[in-house]
Amino acid sequence: MNSFSSVQHFNNLFNEYYDRFIRFAWGYVKEKQVAEDFVSEAFTTYWENKEDLLPDTKPHAYILSIIKNKCINYLQHLQVRQRAEKEINDHAEWLLSTRINTLQACDPDFIFSDEIQKIVESTLNKLPQKTRQVFILNRYQGLSYKDIANQMDLSTKAIEFHMSKALAQLRFSLKDFIHLLLFLFYFQ
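Here the structure is a predicted model, which means the values were calculated and not measured.

(A) Inspection of the overall build of the chain at higher detail. Check the secondary structure of the chain and you find nine helices and zero strands. The helix and strand sequence of the chain, counted from the amino end, reads α-α-α-α-α-α-α-α-α. Looking at the chain as a whole, 24% of its 188 residues qualify as buried. In the chain, 61% of the contacts between residues at least 6 apart in sequence involve partners at least 24 apart. Element-wise, carbon and sulfur atoms account for 55% of the exposed surface of the chain, whose accessible area totals about 13,600 Å².

Below, the structure written as structure tokens:
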């Protein structure tokens, strides 16, 4: 086929199938611009590869196969994105539900019970003096790490270290109560 008849053949093919192929693609992807892009890309791919195709290749079937594969890839990508969004939404819903359940399970009388207060006081008394002082200034007096650092002539990093040490010791001392709270939360 000479160059002119090749262009003429392509133009005829384009004129006959372009709108049909767009309707086909749009029927699946439901976005006009995406459908038009897929059809244009398929026609371009056909034009660029027409010399390498087997003689018995049906151009309209070849172009439709390209469009079909583009639609499949597009829809599979959408499906993956929707699954990811659902997992994110499910996780956010779980977090919200957890916060609600934790609040509902919260018993202020239990949290401020004499037994817990005794454990906290006993733990604080066992801490090194600086660590105890940092904890009391932060948690009971509400001072910021920076204010405590200035008052005690220490670095902010040192204050972070002492707080971390105090909180770790309190978590250890209160682990039985924490486990009990978790048990109550999950099995109420």
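Next comes the rest of the description.
(B) Representation of the pattern of salt bridges in the model. Applying the stated criterion across every chain yields a total of six salt bridges. In this structure, lysine 50 engages glutamate 51 in a salt bridge whose closest nitrogen and oxygen atoms are separated by 3.3 Å. Across the pair aspartate 90 and lysine 86 runs a salt bridge, and its minimum N-O distance is 2.8 Å. Placement of the pair is aspartate 90 and lysine 86 together in helix α3 (residues 59–105), with a separation of four residues, close to one helical turn.

(C) Fine view of the packing of helix α6 (residues 129–140) against helix α8 (residues 156–173). Axis separation between α6 and α8 bottoms out at 9 Å; the angle between their running directions is 90 degrees. Of the possible angle classes, the one that applies to α6 and α8 is roughly perpendicular. Contact residues: α6 offers Lys130, Thr131, Val134, Phe135, Asn138 and Arg139, while α8 offers Ile159, His162, Met163, Lys165, Ala166, Leu167 and Leu170. Residue composition of the contact of α6 with α8, by class: seven nonpolar, three polar and three charged.

(D) Representation of unusual backbone geometry in the model. Unlike most non-glycine residues, lysine 30 shows phi in positive territory, near 60 degrees. Relative to the elements of secondary structure, lysine 30 occurs in the loop between α1 (3–29) and α2 (32–49). Accessibility expressed as a relative area gives 52% for lysine 30, which makes it exposed. If you check the backbone angles, aspartate 153 has positive phi at about 60 degrees while not being a glycine. With respect to the secondary-structure elements, aspartate 153 resides in the loop between α7 (145–152) and α8.

(E) Seen up close, the nonpolar core. Ranked by size, the top nonpolar core spans 20 residues in total, and within it Phe21, Val29, Val39, Phe43, Ile63 and Ile67 carry the most contacts. Counting only elements with at least two residues in this core, the list comes to α1, α2 and α3. Among the elements that line this core, the one with the most residues is α1, at eight residues. When residues no more than four places from it in sequence are discounted, the contact partners of phenylalanine 43 are Phe10, Leu13, Phe14, Tyr17, Tyr18, Phe21 and Ile63. Counting residues in each nonpolar core, the second largest holds 16 residues, with Val120, Ala149, Met152 and Phe177 among its members.

(F) How the structure looks around the packing of aromatic side chains. Applying the stated criterion across every chain, the model contains 13 aromatic pairs. Both rings, one in phenylalanine 10 and one in tryptophan 47, keep their centres 5.0 Å apart while their planes meet at 65 degrees; by these two values the pair is edge-to-face. Linking phenylalanine 10 in helix α1 with tryptophan 47 in helix α2, this pair joins segments that are 37 residues apart in sequence. Phenylalanine 10 gets classed as buried once you look at its relative accessible area, which sits at 15%. Overall, tryptophan 47 belongs to the partly exposed group, its relative accessible area being 32%. Chaining the aromatic ring pairs together yields one cluster made of Phe10, Phe14, Tyr17, Tyr18, Phe21, Phe43, Tyr46, Trp47 and Tyr62. Here the basic side chain of lysine 30 rests over the ring of tryptophan 26, its NZ or CZ set 5.0 Å away from the ring centre. If you follow lysine 50 out to its NZ or CZ, it ends over the ring of tryptophan 47, 3.8 Å from the centre.

The rules behind these values
Residues numbered from 1 in each chain as written. Predicted model: local features only at pLDDT ≥ 70, side-chain atom pairs only at ≥ 80, totals over all residues. Heavy atoms only, no water. Helix = DSSP H or I, 4+ residues; strand = E, 2+ residues; numbered from the N terminus. Buried < 20%, exposed > 50% of the residue type's maximum accessible area, 1.4 Å probe, protein only. Contact = heavy atoms within 4.5 Å. Areas by Shrake-Rupley, 256 points an atom, 1.4 Å probe, with all protein chains shown as cover. Salt bridge = Lys/Arg side-chain N within 4 Å of Asp/Glu carboxyl O. Axes fitted to C-alpha atoms, helices over the stretch in contact; angles between N-to-C directions. Parallel < 35°, antiparallel > 145°, perpendicular 65-115°, else oblique. Nonpolar A, V, L, I, M, F, W, Y, C, P; charged D, E, K, R; others polar. Core = buried A, V, L, I, M, F, W, Y, C linked by side-chain atoms within 4.5 Å. Phe/Tyr/Trp six-rings, centres within 6.5 Å; stacked < 30°, edge-to-face > 60°. Lys NZ or Arg CZ within 6 Å of the ring centre and 35° of its normal.

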